Amino acid sequence: MSADGAYQVLARKYRPTDFSDLIGQDAMVQTLRNAFKADRIAQAFILTGIRGTGKTTTARIIAKGLNCTGPDGKGGPTTEPCDACPNCIAIGQGRHTDVMEMDGATQTRVDDVRDNIISTVSYAPSSARFKIFIIDEVHMLSVNAFNALLKTLEEPPKHVKFIFATTEIRKVPVTVLSRCQRFDLRRIEPEAMIAHLARIAEAEGAEIETAALATITRAAEGSVRDAVSLLDQAIAHGAGKTSAADVRAMIGLADRGRVLDLFDRIMTGDAAGALGELGAQYADGADPLAVLSDLAEITHWISVVSIAPDTAEDPTIGPAERARGQKMAEDLPMRVLTRAWQMLLKAIEEVAYA
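Described in the following lines is the structure provided in the data block. (Residues numbered from 1 in each chain as written. Predicted model: local features only at pLDDT ≥ 70, side-chain atom pairs only at ≥ 80, totals over all residues. Heavy atoms only, no water.)

1. Considerations on the overall build of the protein
What the protein contains, in helices and strands, is 16 helices and seven strands. For the protein, the spread of C-alpha atoms along the principal axes amounts to about 75 × 45 × 35 Å. Across the 354 residues in the protein, those meeting the buried criterion constitute 43%. In the protein, of all internal contacts separated by at least 6 residues, the share reaching a separation of at least 24 is 73%. Distance between charge centres in the protein, computed from 39 positive and 47 negative side chains, equals 6 Å. (Helix = DSSP H or I, 4+ residues; strand = E, 2+ residues; numbered from the N terminus. Buried < 20%, exposed > 50% of the residue type's maximum accessible area, 1.4 Å probe, protein only. Contact = heavy atoms within 4.5 Å. Lys, Arg positive; Asp, Glu negative; His and termini not counted. Charge placed at Lys NZ, Arg CZ, Asp CG, Glu CD.)

Have a look at this one:
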(Lines give C-alpha, C1' and ligand atoms only; values in the text may rest on other atoms or scores of the structure.)
Protein backbone atom coordinates (compact mmCIF):
# COMPACT_ATOMS: atom_id res chain seq x y z
CA MET A 1 0.00 0.00 0.00
CA SER A 2 1.11 3.57 -0.63
CA ALA A 3 1.18 6.30 2.03
CA ASP A 4 -2.46 7.25 1.32
CA GLY A 5 -3.64 3.63 1.62
CA ALA A 6 -4.17 3.07 -2.13
CA TYR A 7 -2.67 -0.05 -3.67
CA GLN A 8 0.56 0.59 -5.54
CA VAL A 9 1.35 -1.72 -8.45
CA LEU A 10 4.54 -3.75 -8.08
CA ALA A 11 6.20 -2.10 -11.09
CA ARG A 12 6.12 1.21 -9.19
CA LYS A 13 6.61 -0.21 -5.71
CA TYR A 14 9.84 -1.98 -6.68
CA ARG A 15 11.16 0.64 -9.10
CA PRO A 16 14.94 1.01 -8.60
CA THR A 17 16.02 3.98 -6.49
CA ASP A 18 19.78 3.79 -7.07
CA PHE A 19 22.26 2.14 -9.42
CA SER A 20 22.67 -0.93 -7.22
CA ASP A 21 18.98 -1.75 -7.82
CA LEU A 22 19.34 -1.77 -11.61
CA ILE A 23 19.61 -5.32 -12.92
CA GLY A 24 21.37 -6.38 -16.10
CA GLN A 25 22.92 -2.97 -16.87
CA ASP A 26 26.38 -3.50 -15.38
CA ALA A 27 28.31 -1.89 -18.27
CA MET A 28 26.34 1.34 -18.09
CA VAL A 29 26.52 1.50 -14.30
CA GLN A 30 30.29 0.93 -14.34
CA THR A 31 30.81 3.70 -16.91
CA LEU A 32 28.72 6.14 -14.89
CA ARG A 33 30.50 5.22 -11.65
CA ASN A 34 33.87 5.88 -13.26
CA ALA A 35 32.67 9.16 -14.82
CA PHE A 36 31.32 10.47 -11.51
CA LYS A 37 34.45 9.37 -9.66
CA ALA A 38 36.76 11.11 -12.15
CA ASP A 39 34.47 14.17 -12.36
CA ARG A 40 34.02 13.59 -16.10
CA ILE A 41 30.24 13.96 -16.18
CA ALA A 42 28.83 14.61 -19.64
CA GLN A 43 26.58 17.58 -20.35
CA ALA A 44 23.98 15.35 -22.03
CA PHE A 45 23.05 11.68 -21.87
CA ILE A 46 20.80 9.67 -24.16
CA LEU A 47 19.40 6.36 -22.92
CA THR A 48 17.98 3.89 -25.41
CA GLY A 49 16.54 0.40 -25.24
CA ILE A 50 13.29 -1.54 -25.51
CA ARG A 51 10.31 -0.72 -23.31
CA GLY A 52 10.60 -1.45 -19.62
CA THR A 53 14.38 -1.72 -19.28
CA GLY A 54 14.62 1.32 -17.01
CA LYS A 55 15.39 4.34 -19.20
CA THR A 56 13.26 6.89 -17.33
CA THR A 57 14.16 5.30 -13.99
CA THR A 58 17.87 5.57 -14.83
CA ALA A 59 17.39 9.21 -15.84
CA ARG A 60 15.88 9.97 -12.42
CA ILE A 61 18.67 8.10 -10.64
CA ILE A 62 21.28 10.12 -12.57
CA ALA A 63 19.40 13.30 -11.63
CA LYS A 64 19.46 12.29 -7.96
CA GLY A 65 23.15 11.44 -8.13
CA LEU A 66 24.02 14.80 -9.70
CA ASN A 67 22.11 16.78 -7.07
CA CYS A 68 22.57 14.63 -3.97
CA THR A 69 24.08 16.54 -1.03
CA GLY A 70 24.29 13.58 1.38
CA PRO A 71 22.67 13.26 4.81
CA ASP A 72 24.99 15.97 6.19
CA GLY A 73 24.31 18.37 3.31
CA LYS A 74 27.98 18.48 2.27
CA GLY A 75 28.17 15.68 -0.32
CA GLY A 76 28.92 16.09 -4.02
CA PRO A 77 27.79 14.28 -7.17
CA THR A 78 27.66 10.56 -6.51
CA THR A 79 26.47 7.29 -8.03
CA GLU A 80 25.14 6.31 -4.61
CA PRO A 81 22.46 8.92 -3.81
CA CYS A 82 21.51 8.95 -0.15
CA ASP A 83 17.72 9.13 -0.63
CA ALA A 84 17.69 11.18 2.58
CA CYS A 85 18.63 14.73 1.57
CA PRO A 86 15.91 17.17 0.41
CA ASN A 87 17.06 16.95 -3.22
CA CYS A 88 16.93 13.13 -3.34
CA ILE A 89 13.53 13.03 -1.66
CA ALA A 90 12.03 15.68 -3.95
CA ILE A 91 13.44 14.11 -7.12
CA GLY A 92 12.27 10.65 -6.05
CA GLN A 93 8.75 12.04 -5.57
CA GLY A 94 8.87 13.88 -8.92
CA ARG A 95 8.38 17.35 -7.45
CA HIS A 96 11.82 18.99 -7.60
CA THR A 97 11.64 22.41 -9.26
CA ASP A 98 15.11 22.06 -10.82
CA VAL A 99 14.48 18.65 -12.40
CA MET A 100 12.02 19.11 -15.25
CA GLU A 101 10.54 16.18 -17.13
CA MET A 102 9.08 16.61 -20.60
CA ASP A 103 7.08 14.05 -22.57
CA GLY A 104 8.37 14.14 -26.13
CA ALA A 105 5.20 12.42 -27.33
CA THR A 106 2.94 15.31 -26.30
CA GLN A 107 5.30 18.29 -26.20
CA THR A 108 6.67 17.99 -29.71
CA ARG A 109 6.59 21.53 -31.03
CA VAL A 110 9.38 24.09 -31.21
CA ASP A 111 7.29 26.32 -28.92
CA ASP A 112 7.37 23.63 -26.22
CA VAL A 113 11.17 23.42 -26.41
CA ARG A 114 11.53 27.20 -26.39
CA ASP A 115 9.13 27.77 -23.47
CA ASN A 116 10.25 24.84 -21.29
CA ILE A 117 13.98 24.74 -22.00
CA ILE A 118 15.58 27.51 -24.03
CA SER A 119 13.96 30.36 -22.09
CA THR A 120 14.92 28.87 -18.71
CA VAL A 121 18.43 27.40 -19.10
CA SER A 122 20.17 30.71 -18.40
CA TYR A 123 18.67 30.89 -14.89
CA ALA A 124 20.57 29.20 -12.08
CA PRO A 125 18.89 26.32 -10.23
CA SER A 126 16.81 27.46 -7.28
CA SER A 127 17.94 24.87 -4.73
CA ALA A 128 19.87 22.06 -6.47
CA ARG A 129 23.41 21.82 -7.83
CA PHE A 130 22.26 21.31 -11.44
CA LYS A 131 19.19 22.17 -13.43
CA ILE A 132 18.28 18.94 -15.23
CA PHE A 133 16.00 18.47 -18.22
CA ILE A 134 14.67 14.94 -18.77
CA ILE A 135 12.92 14.36 -22.12
CA ASP A 136 11.17 11.02 -22.46
CA GLU A 137 10.54 9.58 -25.94
CA VAL A 138 12.77 12.32 -27.34
CA HIS A 139 12.52 10.88 -30.87
CA MET A 140 8.96 12.23 -31.02
CA LEU A 141 10.15 15.86 -31.12
CA SER A 142 9.61 17.64 -34.42
CA VAL A 143 12.51 18.50 -36.72
CA ASN A 144 12.16 22.18 -35.81
CA ALA A 145 12.16 21.36 -32.10
CA PHE A 146 15.39 19.38 -32.49
CA ASN A 147 16.99 22.22 -34.45
CA ALA A 148 15.96 24.75 -31.79
CA LEU A 149 17.60 22.58 -29.14
CA LEU A 150 20.94 22.04 -30.90
CA LYS A 151 22.80 25.20 -29.87
CA THR A 152 21.76 24.93 -26.23
CA LEU A 153 22.58 21.22 -26.22
CA GLU A 154 26.08 21.81 -27.60
CA GLU A 155 27.03 24.67 -25.25
CA PRO A 156 24.76 24.54 -22.21
CA PRO A 157 25.52 26.60 -19.07
CA LYS A 158 27.64 24.78 -16.50
CA HIS A 159 24.64 24.32 -14.23
CA VAL A 160 22.53 22.51 -16.87
CA LYS A 161 22.39 18.80 -17.77
CA PHE A 162 20.21 17.03 -20.33
CA ILE A 163 19.00 13.42 -20.11
CA PHE A 164 17.08 11.95 -23.03
CA ALA A 165 15.28 8.61 -23.22
CA THR A 166 14.04 6.87 -26.35
CA THR A 167 12.94 3.52 -27.70
CA GLU A 168 13.66 4.61 -31.29
CA ILE A 169 17.29 5.76 -31.34
CA ARG A 170 17.42 5.73 -35.16
CA LYS A 171 14.78 8.45 -35.31
CA VAL A 172 16.95 10.85 -33.31
CA PRO A 173 18.97 13.16 -35.60
CA VAL A 174 22.68 12.43 -35.73
CA THR A 175 23.33 16.09 -34.85
CA VAL A 176 21.69 15.41 -31.47
CA LEU A 177 23.37 12.03 -30.95
CA SER A 178 26.82 13.53 -31.54
CA ARG A 179 26.26 15.94 -28.65
CA CYS A 180 25.23 13.23 -26.16
CA GLN A 181 26.87 10.39 -24.29
CA ARG A 182 24.90 7.31 -25.36
CA PHE A 183 23.95 4.33 -23.19
CA ASP A 184 22.17 1.28 -24.59
CA LEU A 185 20.12 -0.49 -21.94
CA ARG A 186 20.13 -4.22 -22.59
CA ARG A 187 17.32 -6.74 -22.44
CA ILE A 188 17.47 -8.50 -19.09
CA GLU A 189 18.90 -12.01 -19.19
CA PRO A 190 16.46 -14.79 -18.18
CA GLU A 191 18.49 -15.89 -15.14
CA ALA A 192 18.61 -12.35 -13.74
CA MET A 193 14.92 -11.78 -14.47
CA ILE A 194 13.78 -15.00 -12.77
CA ALA A 195 15.88 -14.18 -9.69
CA HIS A 196 14.47 -10.64 -9.60
CA LEU A 197 10.87 -11.86 -9.83
CA ALA A 198 11.52 -14.47 -7.13
CA ARG A 199 12.80 -11.75 -4.77
CA ILE A 200 9.70 -9.63 -5.36
CA ALA A 201 7.37 -12.61 -4.88
CA GLU A 202 9.12 -13.48 -1.62
CA ALA A 203 8.89 -9.87 -0.41
CA GLU A 204 5.16 -9.89 -1.21
CA GLY A 205 4.66 -13.21 0.60
CA ALA A 206 3.40 -14.83 -2.60
CA GLU A 207 3.96 -18.48 -3.46
CA ILE A 208 4.67 -18.93 -7.16
CA GLU A 209 6.31 -21.83 -8.97
CA THR A 210 9.70 -21.38 -10.62
CA ALA A 211 8.15 -22.66 -13.85
CA ALA A 212 5.58 -19.86 -13.61
CA LEU A 213 8.37 -17.29 -13.20
CA ALA A 214 10.07 -18.77 -16.26
CA THR A 215 6.84 -18.44 -18.26
CA ILE A 216 6.50 -14.80 -17.20
CA THR A 217 10.14 -14.15 -18.11
CA ARG A 218 9.67 -15.66 -21.56
CA ALA A 219 6.52 -13.58 -22.17
CA ALA A 220 8.21 -10.35 -21.00
CA GLU A 221 10.95 -10.64 -23.65
CA GLY A 222 13.59 -8.85 -21.58
CA SER A 223 11.40 -6.03 -20.23
CA VAL A 224 11.51 -5.70 -16.44
CA ARG A 225 8.36 -3.59 -16.29
CA ASP A 226 6.41 -6.12 -18.39
CA ALA A 227 7.66 -8.98 -16.22
CA VAL A 228 6.81 -7.29 -12.91
CA SER A 229 3.38 -6.26 -14.22
CA LEU A 230 2.68 -9.85 -15.27
CA LEU A 231 3.90 -11.06 -11.86
CA ASP A 232 1.51 -8.63 -10.18
CA GLN A 233 -1.36 -10.01 -12.24
CA ALA A 234 -0.26 -13.61 -11.67
CA ILE A 235 -0.21 -13.20 -7.89
CA ALA A 236 -3.79 -11.89 -8.00
CA HIS A 237 -4.81 -14.62 -10.46
CA GLY A 238 -3.34 -17.43 -8.37
CA ALA A 239 -4.85 -16.13 -5.09
CA GLY A 240 -2.35 -17.95 -2.91
CA LYS A 241 -0.23 -20.31 -4.98
CA THR A 242 0.41 -19.60 -8.66
CA SER A 243 1.38 -22.35 -11.08
CA ALA A 244 2.78 -22.22 -14.59
CA ALA A 245 -0.61 -23.37 -15.89
CA ASP A 246 -2.27 -20.41 -14.13
CA VAL A 247 0.19 -18.01 -15.80
CA ARG A 248 -0.32 -19.55 -19.23
CA ALA A 249 -4.10 -19.31 -18.84
CA MET A 250 -3.81 -15.71 -17.65
CA ILE A 251 -1.55 -14.60 -20.51
CA GLY A 252 -3.42 -16.61 -23.12
CA LEU A 253 -0.47 -18.81 -24.01
CA ALA A 254 -0.89 -22.41 -25.01
CA ASP A 255 0.83 -25.00 -22.85
CA ARG A 256 4.37 -25.30 -24.24
CA GLY A 257 4.25 -29.08 -23.99
CA ARG A 258 1.08 -29.14 -26.07
CA VAL A 259 2.65 -26.78 -28.61
CA LEU A 260 5.54 -29.25 -28.88
CA ASP A 261 2.96 -32.02 -29.40
CA LEU A 262 1.38 -29.95 -32.18
CA PHE A 263 4.78 -29.21 -33.74
CA ASP A 264 5.70 -32.90 -33.60
CA ARG A 265 2.45 -33.92 -35.34
CA ILE A 266 3.04 -31.34 -38.07
CA MET A 267 6.61 -32.46 -38.64
CA THR A 268 5.61 -36.14 -38.84
CA GLY A 269 2.85 -35.38 -41.35
CA ASP A 270 -0.03 -36.29 -39.01
CA ALA A 271 -2.47 -33.73 -40.44
CA ALA A 272 -5.54 -35.11 -38.67
CA GLY A 273 -3.76 -35.25 -35.33
CA ALA A 274 -2.37 -31.72 -35.79
CA LEU A 275 -5.80 -30.28 -36.63
CA GLY A 276 -7.32 -32.12 -33.66
CA GLU A 277 -4.68 -30.78 -31.28
CA LEU A 278 -5.05 -27.24 -32.64
CA GLY A 279 -8.83 -27.45 -32.24
CA ALA A 280 -8.44 -28.72 -28.66
CA GLN A 281 -6.11 -25.86 -27.78
CA TYR A 282 -8.50 -23.36 -29.34
CA ALA A 283 -11.39 -24.85 -27.36
CA ASP A 284 -9.32 -24.45 -24.18
CA GLY A 285 -8.97 -20.72 -24.91
CA ALA A 286 -5.61 -20.52 -26.70
CA ASP A 287 -5.28 -17.64 -29.15
CA PRO A 288 -4.54 -19.05 -32.66
CA LEU A 289 -2.10 -16.22 -33.31
CA ALA A 290 -0.29 -17.04 -30.05
CA VAL A 291 -0.14 -20.73 -31.03
CA LEU A 292 1.43 -19.83 -34.38
CA SER A 293 3.89 -17.48 -32.66
CA ASP A 294 4.82 -20.28 -30.25
CA LEU A 295 5.31 -22.66 -33.16
CA ALA A 296 7.58 -20.12 -34.85
CA GLU A 297 9.52 -19.64 -31.61
CA ILE A 298 9.96 -23.41 -31.25
CA THR A 299 11.07 -23.69 -34.89
CA HIS A 300 13.68 -21.00 -34.32
CA TRP A 301 14.83 -22.56 -31.06
CA ILE A 302 15.19 -26.05 -32.55
CA SER A 303 17.07 -24.58 -35.54
CA VAL A 304 19.52 -22.84 -33.21
CA VAL A 305 19.93 -25.96 -31.06
CA SER A 306 20.68 -28.06 -34.16
CA ILE A 307 23.50 -25.62 -35.05
CA ALA A 308 24.77 -24.95 -31.52
CA PRO A 309 23.64 -27.68 -29.07
CA ASP A 310 24.87 -25.73 -26.02
CA THR A 311 22.10 -23.15 -26.53
CA ALA A 312 19.56 -25.71 -25.32
CA GLU A 313 20.52 -24.83 -21.75
CA ASP A 314 17.89 -22.11 -21.38
CA PRO A 315 16.60 -21.49 -17.81
CA THR A 316 13.15 -20.55 -19.12
CA ILE A 317 12.68 -24.02 -20.61
CA GLY A 318 11.97 -27.05 -18.44
CA PRO A 319 14.07 -30.25 -18.55
CA ALA A 320 11.38 -32.32 -20.31
CA GLU A 321 10.84 -29.69 -23.00
CA ARG A 322 14.60 -29.30 -23.41
CA ALA A 323 15.02 -33.05 -23.96
CA ARG A 324 12.23 -33.07 -26.57
CA GLY A 325 13.74 -30.08 -28.35
CA GLN A 326 17.18 -31.70 -28.48
CA LYS A 327 15.67 -34.90 -29.92
CA MET A 328 13.81 -32.91 -32.59
CA ALA A 329 16.99 -30.98 -33.43
CA GLU A 330 18.73 -34.30 -34.10
CA ASP A 331 15.90 -35.74 -36.19
CA LEU A 332 14.78 -32.76 -38.32
CA PRO A 333 16.91 -31.55 -41.27
CA MET A 334 17.63 -27.83 -41.48
CA ARG A 335 15.83 -27.55 -44.83
CA VAL A 336 12.60 -28.77 -43.17
CA LEU A 337 12.97 -26.30 -40.31
CA THR A 338 13.71 -23.46 -42.76
CA ARG A 339 10.61 -24.27 -44.80
CA ALA A 340 8.49 -24.47 -41.62
CA TRP A 341 9.85 -21.09 -40.50
CA GLN A 342 8.94 -19.43 -43.80
CA MET A 343 5.44 -20.94 -43.80
CA LEU A 344 4.81 -19.87 -40.19
CA LEU A 345 5.91 -16.30 -40.87
CA LYS A 346 3.43 -16.15 -43.74
CA ALA A 347 0.70 -17.76 -41.64
CA ILE A 348 1.21 -15.31 -38.76
CA GLU A 349 0.89 -12.41 -41.18
CA GLU A 350 -2.30 -13.81 -42.70
CA VAL A 351 -3.95 -14.78 -39.39
CA ALA A 352 -3.44 -11.22 -38.13
CA TYR A 353 -5.78 -10.06 -40.91
CA ALA A 354 -8.18 -13.02 -40.78
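From this point, the narrative continues.
2. Some words on the packing of aromatic side chains
As enumerated under the stated definition, the model contains three aromatic pairs in all. The interplanar angle of 40 degrees and the centroid separation of 6.0 Å between the aromatic rings of Phe-162 and Phe-164 together place this pair among those described as tilted. Considered together, Phe-162 and Phe-164 belong to a single accessibility category, that of buried residues. Feature note: the residues Phe-133, Phe-162 and Phe-164 constitute an aromatic cluster, connected by ring pairs. (Phe/Tyr/Trp six-rings, centres within 6.5 Å; stacked < 30°, edge-to-face > 60°.)

3. Here's the deal with the packing of helix H12 (residues 256-267) against helix H15 (residues 319-331)
The geometry of H12 relative to H15 is characterised by a closest axis approach of 11 Å and an angle of 20 degrees between their N-to-C directions. In terms of orientation, H12 lies roughly parallel with respect to H15. In this structure, the crossing between H12 and H15 has a hand that is left-handed. Between H12, through Arg-256, Gly-257, Leu-260, Asp-261, Phe-263 and Asp-264, and H15, the contact on the second element is made entirely by Glu-321, Arg-324 and Met-328. Taken together, the residues of the contact of H12 with H15 break down into three nonpolar, one polar and five charged. (Axes fitted to C-alpha atoms, helices over the stretch in contact; angles between N-to-C directions. Parallel < 35°, antiparallel > 145°, perpendicular 65-115°, else oblique. Left-handed = near helix turned anticlockwise from the far one by under 90°. Nonpolar A, V, L, I, M, F, W, Y, C, P; charged D, E, K, R; others polar.)

4. Looking at the sheet that holds strand E4 (residues 160-166)
Strands sit in the order E2-E3-E4-E1-E5 across an open sheet of five strands; the sheet is parallel. Two strands bound the open sheet, and with one partner strand each, they are strand E2 (99-103) and strand E5 (181-184). Strand after strand, the sheet turns through a mean of 15 degrees between neighbouring axes, direction not considered. Looking at chain direction, strand E1 (residues 44-48) and E5 are connected through four bridges and run parallel. Of the residues in E5, the one forming a bridge with Phe-45 is Gln-181. (Pairing = 2+ DSSP bridges.)

5. Quick word on helix H16 (residues 334-353)
For H16, built from 20 residues, the straight-helix expectation of 28 Å at 1.5 Å per residue is met to within 8% by its first-to-last C-alpha distance of 29 Å. Within the span of H16, buried status applies to Val-336, Leu-337, Ala-340 and Leu-344. One face of H16 carries all of its buried residues, which in axial projection span an arc of 85 degrees. Residues of H16 that are exposed and angled more than 90 degrees away from the buried face: Arg-335, Gln-342 and Tyr-353. Among the structural elements, H12 and helix H14 (288-307) are those in contact with the buried residues of H16. (Expected span 1.5 Å × (residues − 1). Arc of directions from axis to C-beta.)

Take it as geometry only, folks, not as evidence of what the structure does.
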